[in-house]
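Letter by letter, the chains look like this.
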Amino acid sequence: MTEPTNTPIDPNTVRELEKARADLVTLRGELKSARAERDTIRGERDEAIKSRDGLKAQFDRQKSDGEKALADANAAVEQAKADAEAATKGATEKANAAVIRAEAKAAAVRLGAVNPEDVVKLIDLGTVKMGEDGQIEGLDAVMEAAKESRAYLFTEPAKPGTETGTTKTTPSPKAGEPQDKSAMEMTDAEYAALKASMS
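Everything numeric here is computed off the predicted structure, so don't read it as measured data. (Residues numbered from 1 in each chain as written. Predicted model: local features only at pLDDT ≥ 70, side-chain atom pairs only at ≥ 80, totals over all residues. Heavy atoms only, no water.)

## Section: the overall build of the protein chain
Secondary structure assignment for the protein chain yields 5 helices and 2 strands. Counting from the amino terminus, helix and strand elements in the protein chain follow one another as α-α-β-β-α-α-α. The contacts in the protein chain between residues at least 6 apart in sequence include a share of 52% that link residues at least 24 apart. (Helix = DSSP H or I, 4+ residues; strand = E, 2+ residues; numbered from the N terminus. Contact = heavy atoms within 4.5 Å.)

Structure, rendered in structure tokens:
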């Protein structure tokens, strides 16, 4: 066996090795720094994803709440509209009924009713309707039927004075004549004088 011979080491090789080791240390430091930066970026990315998912969930929740609020508001508007229509219809029906009753009372007076209120209470106004043009339909027939079936409630209608020739009007006051005063308009002295003249 031959003994290995020690060959001398080239000094350039040692310097290159030391330089390579220093470069390796630098590269390891840069790699470690890059890994730390990568981990930071991954953490930021994960936080951004969580934030995005949280914002998306919040947006979806707000969208759902908004749609529900809109649906509730639309339902409330529809309900208010229906209530207003019902109230208007009810008010119109009440107003029409009041007009029909007033017209029935006036018709009872024209037909000579002794007590028009009683006549209106006793007749059935269910068939009398208010027309689209505001005219009352069917009242004359109901009133004539009431006069025939309940004649005791009616007398011969009073004829106006223009027909009987008995029109009488109070004379108009003449200029310069004193007008009668009520007790409230008199002075204490006028009231005492009037009272004394009546005794």
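Read on for the rest.
## Brief notes about the confidence of the model for the protein chain
On average, residues of the protein chain carry a pLDDT of 82, and 83% of them reach 70 or more. Mean pLDDT per element in the protein chain: helix 4 (residues 161–164) is the minimum at 67, and helix 1 (residues 11–110) is the maximum at 87. (pLDDT = per-residue confidence, 0-100.)

## What to know about the nonpolar core
Across soluble globular proteins, nonpolar side chains show a tendency to be buried alongside one another. Within the largest apolar cluster, 17 residues are counted, with the highest numbers of intra-cluster contacts made by Ala104, Val119, Ile123, Leu125, Leu139 and Met143. If you list the elements that add at least two residues to this core, you get helix 1, helix 2 (116–122) and helix 3 (139–149). (Core = buried A, V, L, I, M, F, W, Y, C linked by side-chain atoms within 4.5 Å. Buried < 20%, exposed > 50% of the residue type's maximum accessible area, 1.4 Å probe, protein only.)

## Quick look at helix 3
Every buried residue of helix 3 is accounted for by Leu139, Val142, Met143 and Ala146. Projection of helix 3 onto a plane perpendicular to its axis shows the buried side chains occupying an angular sector of 95 degrees, all on one side. Among the exposed residues of helix 3, those pointing more than 90 degrees away from its buried face are Asp140, Ala141 and Glu148. (Arc of directions from axis to C-beta.)

## Quick word on the pattern of salt bridges
One pass over the structure, following the stated rule, counts 6 salt bridges. Between arginine 38 and aspartate 39 there is a salt bridge, with the nearest N and O atoms lying 3.1 Å from each other. Looking at arginine 38, the relative accessible area reads 38%, which means it is partly exposed. Using a relative accessible area of 42% as the deciding quantity, one classes aspartate 39 as partly exposed. Between aspartate 72 and lysine 68 there is a salt bridge whose closest N-O contact spans 3.2 Å. Of this pair, aspartate 72 and lysine 68 both sit in helix 1, 4 residues apart, which is roughly one turn of that helix. Its relative accessible area of 40% is what places aspartate 72 among the partly exposed residues. (Salt bridge = Lys/Arg side-chain N within 4 Å of Asp/Glu carboxyl O.)

## Things to note about the environment of alanine 141
Among the secondary structure elements, alanine 141 is positioned in helix 3. By relative accessible area, which is 55% here, alanine 141 ends up exposed. Separated by 13 residues in the primary sequence, alanine 141 and valine 128 have C-alpha atoms spaced 9.1 Å apart.

## Describing the environment of valine 128
Tracing the backbone through its elements, the reader meets valine 128 in the loop between helix 2 and strand 1 (129–130). If near-sequence neighbours (up to four positions away) are discounted, valine 128 is found in contact with Ile100, Ile136, Glu137, Gly138, Leu139 and Val142.

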